[in-house]
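So the chains spell out like this:
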Amino acid sequence: LDCFQVVLYGARQLLNFWGSCMSLKTKIALTVSILFVLFVSISSFFEFSYFERTFKESIATQQFSLVSTLADSIDDKLSIAHNALKAVAAIAPGDVFVDPDKGQRFLDENVGLLSIFDNGIFFISKDGILLLESPYKPKRRGRNLMFRKFVQDTISSRKPCISDPFVSTYSPGQSAIAMTAPIFDSRGNLIGMMTGSINLTKENILEELSNL
């Protein structure tokens with residue numbers, strides 16, 4: 001608006017300068033022309049502001065819809081993976097926590113889970129100790145994983161959980177998420193958990209969504 005006031009002031013000064021050498025008809029024509037140009041300029045300014053605001057609101061609405069759809073799709077894919085993990089954990093033999101060879105065979109034979117959880121599947125004790133993992137990596141058994149929040153949450157709640165993203169130690173430096181399924185003995189006591197981990201930087205069930 002300050003700019004328009006400057007323009008109006010300049011127009012008045014110009015008319016005063018030309019006033020002495022112009023006919024009334026010319027003055028009227030020039031004044032109408034200047035007013036028309038100002039009207040068009042002001043209208044264009046407000047129309048542009050309106051359409052710019054409307055366009056931004058339209059983009060925001062579309063982006064929100066896209067992100068909401070992606071979030072729902074991620075939830076669906078994670079639920080499918082988590083349900084697969086819980087189904088396998090439900091049929092795990094009760095002695096897998098005391099018989100390392102049997103437990104390792106059980107993990108290695110679950111190729112279906114390994115195709116989903118590309119950052120490994122694990123047996124963790126009720127005390128947060130890593131007992132077994134597949135694919136096997138040496139010198140990792142016996143690690144205390146109680147510092148992981150998903151381990152703490154599963155032990156305290158006795159319920160399955162899906163972790164927030166974290167930096168993996170199984171694939172050092174890589175971002176991953178973990179899912180857990182608690183395992184109970186015949187008396188209902190928690191004896192440990194089965195865990196599956198997905199590497200967020202590799203080709204897996206989340207790759208398509210990540211690329212999008």
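Heads up: the structure comes first, above all this text.
Residues numbered from 1 in each chain as written. Predicted model: local features only at pLDDT ≥ 70, side-chain atom pairs only at ≥ 80, totals over all residues. Heavy atoms only, no water.

**Student:** Help me understand the nonpolar core in this model?
**Tutor:** Note on soluble globular proteins: their nonpolar side chains tend to be buried together. Leu85, Leu113, Phe117, Phe123, Met179, Ile183 and Met194 are the most contacted members of the largest nonpolar core, which totals 22 residues. Broken down by secondary-structure element, the contributors of at least two residues to this core are helix H2 (24-90), helix H3 (100-109), helix H4 (111-116), strand E1 (121-125), strand E5 (175-184) and strand E6 (190-199). Residue contributions to this core peak at 5 residues, all from H2. By size, the runner-up hydrophobic cluster in this structure holds 12 residues, among which are Phe122, Phe150, Phe166 and Met193. (Core = buried A, V, L, I, M, F, W, Y, C linked by side-chain atoms within 4.5 Å. Buried < 20%, exposed > 50% of the residue type's maximum accessible area, 1.4 Å probe, protein only. Helix = DSSP H or I, 4+ residues; strand = E, 2+ residues; numbered from the N terminus.)

**Student:** What's the story with the pattern of salt bridges in this structure? I'm lost.
**Tutor:** Oppositely charged side chains are able to pair whenever their charged atoms sit close together. For the structure on display, the rule yields 4 salt bridges. For Arg140, the salt bridge goes to Glu133, with nearest N and O atoms at 2.8 Å. In this structure Arg140 comes out as buried when scored by relative accessible area, which is 7%. Residue Glu133 is classed as buried on the basis of its relative accessible area of 1%. Lys149 is the salt-bridge partner of Asp153, the closest N and O atoms lying 2.9 Å from each other. With a gap of 4 residues between them, Asp153 and Lys149 both fall in helix H5 (residues 149-157), about one helical turn apart. (Salt bridge = Lys/Arg side-chain N within 4 Å of Asp/Glu carboxyl O.)

**Student:** I tried to follow the pairing of E6 on my own but got confused; where do I start?
**Tutor:** Across a regular strand the side chains alternate sides, sitting on one face of the sheet and then on the other. The buried fraction of E6 amounts to 9 of the 10 residues, a majority that puts the element mostly inside the structure. Bridge count between E1 and E6: 5 bridges; the pairing is antiparallel. Bridge assignment links Ile124 to a residue of E6, and that residue is Met193. Judged from the 9 bridges that link them, E5 and E6 form a sheet pairing that is antiparallel. (Pairing = 2+ DSSP bridges.)

**Student:** What am I meant to see in empty space enclosed by the protein here?
**Tutor:** Gaps between atoms show up when a probe of the same size as a water molecule is rolled over them. Considering all chains together, one arrives at 1 cavity of 30 Å³ or more under this definition. Size it by volume and the largest cavity reaches roughly 130 Å³. Counting only elements with at least two residues in the lining of the largest cavity, the list comes to E1 and E6. When the residues that make up the lining of the largest cavity are grouped by side-chain class, the tally is 7 nonpolar, 5 polar and 2 charged. (1 Å grid on protein atoms, 1.4 Å probe; cavity = no way out; pocket = protein on both sides within 12 Å on 5 of 7 lines; lining within 4 Å. Points joined across faces, edges and corners; volume = space filled by probe spheres on them. Nonpolar A, V, L, I, M, F, W, Y, C, P; charged D, E, K, R; others polar.)

**Student:** Looking at this structure, how should I read the environment of Arg105?
**Tutor:** Within the element layout of this structure, Arg105 appears in helix H3. Sequence separation between Arg105 and Ser134 is 29 residues, and the spatial gap between their C-alpha atoms is 9.1 Å.

**Student:** How should the packing of aromatic side chains be read in this particular structure?
**Tutor:** Both the distance between ring centres and the angle between the ring planes are used here to describe each pair of aromatic rings. For the structure on display, the rule yields 5 aromatic pairs. Ring geometry for Phe97 against Phe123: centres 5.3 Å apart, planes inclined by 55°, an arrangement best described as tilted. On the criterion of sequence distance, the pair formed by Phe97 in the loop between H2 and H3 and Phe123 in strand E1 is long-range, its members being 26 residues apart. One exposure class covers both Phe97 and Phe123, and it is buried. Ring geometry for Phe150 versus Phe166: centroids 5.5 Å apart, planes at 35°, classification tilted. On the criterion of sequence distance, the pair formed by Phe150 in helix H5 and Phe166 in strand E4 (residues 166-167) is long-range, its members being 16 residues apart. For the pair Phe150 and Phe166, a shared accessibility class is recorded, and that class is buried. Aromatic rings pair up to connect Phe97, Phe106 and Phe123 into one cluster. In this structure, Lys137 is placed above the aromatic ring of Tyr170, and the distance from its NZ or CZ to the ring centre is 4.0 Å. (Phe/Tyr/Trp six-rings, centres within 6.5 Å; stacked < 30°, edge-to-face > 60°. Lys NZ or Arg CZ within 6 Å of the ring centre and 35° of its normal.)

**Student:** Could you clarify how one ought to interpret the side chain of Thr154 in this entry?
**Tutor:** Mapped onto the secondary structure, Thr154 falls in helix H5. Given the relative accessible area of 0%, Thr154 is considered buried. Side chain to side chain, Thr154 and Thr180 meet in a polar contact 2.7 Å long. The residues contacting Thr154, other than those within four sequence positions of it, are Lys159, Cys161, Thr180, Pro182, Leu190 and Met193. (Polar contact = N/O pair within 3.5 Å; in protein donor to acceptor, adjacent residues only side chain to side chain. Contact = heavy atoms within 4.5 Å.)

**Student:** What's the story with the side chain of Ser134 in this structure? I'm lost.
**Tutor:** Mapped onto the secondary structure, Ser134 falls in strand E2 (residues 130-134). Accessibility expressed as a relative area gives 2% for Ser134, which makes it buried. Among the polar contacts made by the side chain of Ser134, one reaches the side chain of Asp108 at a distance of 2.5 Å.

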